[in-house]
Amino acid sequence: MSTSAMDVVRMLVLPPLSLFLLYGAGWILRFWWLRLGRIVCGGALALLFVLCTNAGAWLLLRPLENLEPPLESANGAQAIVVLSAGRLENSPEYGGLDIPDYIGLARARYAAKLQRETGLPLLVSGGYGKTGKRDISLASGMAHVLQEDFATPVQWIEDKSDNTAQNAAFSAAILRQAGVRRILLVTDAMHMRRSRVAFAHEGLEVIGAPTLFFSRERLEVLDFLPGSEGLRRSRYAAHEWLGMAWYGLQYALARAFRE
């Protein structure tokens, strides 16, 4: 498994590691500035507690998911593009095959629904991920699920991409050859805005078709207590906020240099 510099930076910036590092910095500060060190340590622990709750995650999720409303109309789309997510490796119930994780499966399910409703050709995008395995791409695994489990035909498979920007660039190249300019883009609601920006940057007209709106769930008492799901959602939302800022900077610089 290869780890890029960007992967290391992402691990350091996102919770929970960033908060552990902040706590460590506060602990060191205590030797010189006791009051400040205690404030930093206490702040790190308090923030970790909040981000480990579903209610705390909601604070990051809600504004992010509100950027992209649910699909209302296909509005002249010529194709559907669905983005793969992660994978579960060596699944024994499927004979040791790798299968899409639950986020990828939710995206595939919604893409299948839209394909049945519209009859539009479907493109699945996703390379081999970060596991180093080269036997089956994420896109191929999702295409298999769509065809075998959802009885949904897949017109194109894009299996070279390693991130959202590459999803957009490589998919756009395939779609341009087919004369497609306007697409329904399927991914989960948190990921939709960054994906839309990436595909629009490649010259495609994008109609967002988000799924998995976590922030629409009703909060209950237990959602104010820490747990692994709250931390997972908080980390995912933080990743998307940072990714949106990074993509926005990259594309702004690209436009500036072209001009």
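To start, this report covers the structure provided alongside it. (Residues numbered from 1 in each chain as written. Predicted model: local features only at pLDDT ≥ 70, side-chain atom pairs only at ≥ 80, totals over all residues. Heavy atoms only, no water.)

This next bit is on the overall build of the protein chain. Of the regular secondary structure elements, the protein chain holds 9 helices and 7 strands. Relative to the globule expectation of 18 Å for 259 residues, the C-alpha radius of gyration of the protein chain, 20 Å, shows essentially globular dimensions. Each of the three principal axes of the protein chain carries a C-alpha extent, and together these read 65 × 55 × 40 Å. The burial tally for the protein chain puts 43% of its 259 residues in the buried class. For the protein chain, contacts bridging at least 24 residues in sequence account for 71% of all contacts bridging at least 6. Carbon together with sulfur atoms contributes 61% to the accessible area of the protein chain, which is approximately 13,900 Å² in total. Mean positive and mean negative side-chain charge positions of the protein chain (27 and 24 charges, respectively) differ by 7 Å. (Helix = DSSP H or I, 4+ residues; strand = E, 2+ residues; numbered from the N terminus. Rg over C-alpha atoms; globule rule 2.2 N^0.38 Å. Buried < 20%, exposed > 50% of the residue type's maximum accessible area, 1.4 Å probe, protein only. Contact = heavy atoms within 4.5 Å. Areas by Shrake-Rupley, 256 points an atom, 1.4 Å probe, with all protein chains shown as cover. Lys, Arg positive; Asp, Glu negative; His and termini not counted. Charge placed at Lys NZ, Arg CZ, Asp CG, Glu CD.)

Next up on the list: the packing of aromatic side chains. Here the structure, examined in full by the defined rule, presents 3 aromatic pairs. For the ring pair Trp-27 and Phe-31, a centre distance of 5.1 Å and an interplane angle of 85° mean the geometry is edge-to-face. The partly exposed category is assigned to Trp-27, whose relative accessible area is 44%. Residue Phe-31 is classed as exposed on the basis of its relative accessible area, which comes to 56%. For the ring pair Tyr-247 and Tyr-251, a centre distance of 5.7 Å and an interplane angle of 70° mean the geometry is edge-to-face. Residue Tyr-247 and its partner Tyr-251 are both found in helix H9 (residues 228-258); the two are separated by 4 residues, about one turn of the helix. Joined through ring pairs, the aromatic side chains of Trp-27, Phe-31 and Trp-32 make up one cluster. (Phe/Tyr/Trp six-rings, centres within 6.5 Å; stacked < 30°, edge-to-face > 60°.)

Let us look at the side chain of Ser-125. Topologically, Ser-125 is positioned in strand E4 (residues 122-125). Of note is the side chain of Ser-125, whose polar atom sits 2.5 Å from the side chain of Glu-158. (Polar contact = N/O pair within 3.5 Å; in protein donor to acceptor, adjacent residues only side chain to side chain.)

On the basis of which strands lie adjacent, the open sheet formed by 5 strands has the order E5-E4-E1-E6-E7 and parallel pairing. Because the sheet does not close on itself, it has two edges, and the strands there are strand E5 (156-158) and strand E7 (205-211). With direction set aside, neighbouring strand axes in the sheet form an average angle of 20°. Where strand E1 (residues 79-83) and strand E6 (residues 182-188) come together, 4 bridges link them in parallel fashion. Across the sheet, residue Ala-79 finds its bridge partner in E6, namely Ile-183. Here helix H6 (residues 138-148) sits on the sheet and contacts E1, E4 and E5; the angle it forms with E4, its principal contact strand, is near 140°. (Pairing = 2+ DSSP bridges. Axes fitted to C-alpha atoms, helices over the stretch in contact; angles between N-to-C directions.)

Turning our attention to the packing of helix H2 (residues 17-29) against helix H3 (residues 34-51). Contact geometry for H2 and H3: axes closest at 7 Å, N-to-C directions at 165°. Overall, the two elements H2 and H3 adopt an arrangement that is roughly antiparallel. H2 and H3 meet at a crossing whose hand is left-handed. Residue-level inspection shows Leu-19, Phe-20, Leu-22, Tyr-23, Gly-26, Trp-27 and Leu-29 of H2 in contact with H3, the latter providing Leu-34, Leu-36, Gly-37, Val-40, Cys-41, Ala-44, Leu-45, Leu-47, Leu-48 and Leu-51. (Parallel < 35°, antiparallel > 145°, perpendicular 65-115°, else oblique. Left-handed = near helix turned anticlockwise from the far one by under 90°.)

Glancing now at the state of the cysteines. The tally for this structure, following the rule as stated, stands at 0 disulfides. Cys-52 supplies the cysteine sulfur nearest to Cys-41, a cysteine that is in no disulfide, at a spacing of 17 Å. Classification of Cys-52 as buried rests on a relative accessible area of 13%. (Disulfide = S-S within 2.5 Å.)

A separate point is the environment of Leu-114. Considering the arrangement of structural elements, one finds Leu-114 in helix H5 (residues 102-118). Relative accessible area serves as the criterion here: at 3%, Leu-114 is assigned to the buried category. Here the alpha-carbon distance between Leu-114 and Ile-80, two residues 34 residues apart in the chain, equals 8.0 Å. Leaving out residues up to four positions away in the same chain, Leu-114 has contacts with Leu-71, Ile-80, Gly-119, Leu-184, Val-186 and Ala-209.

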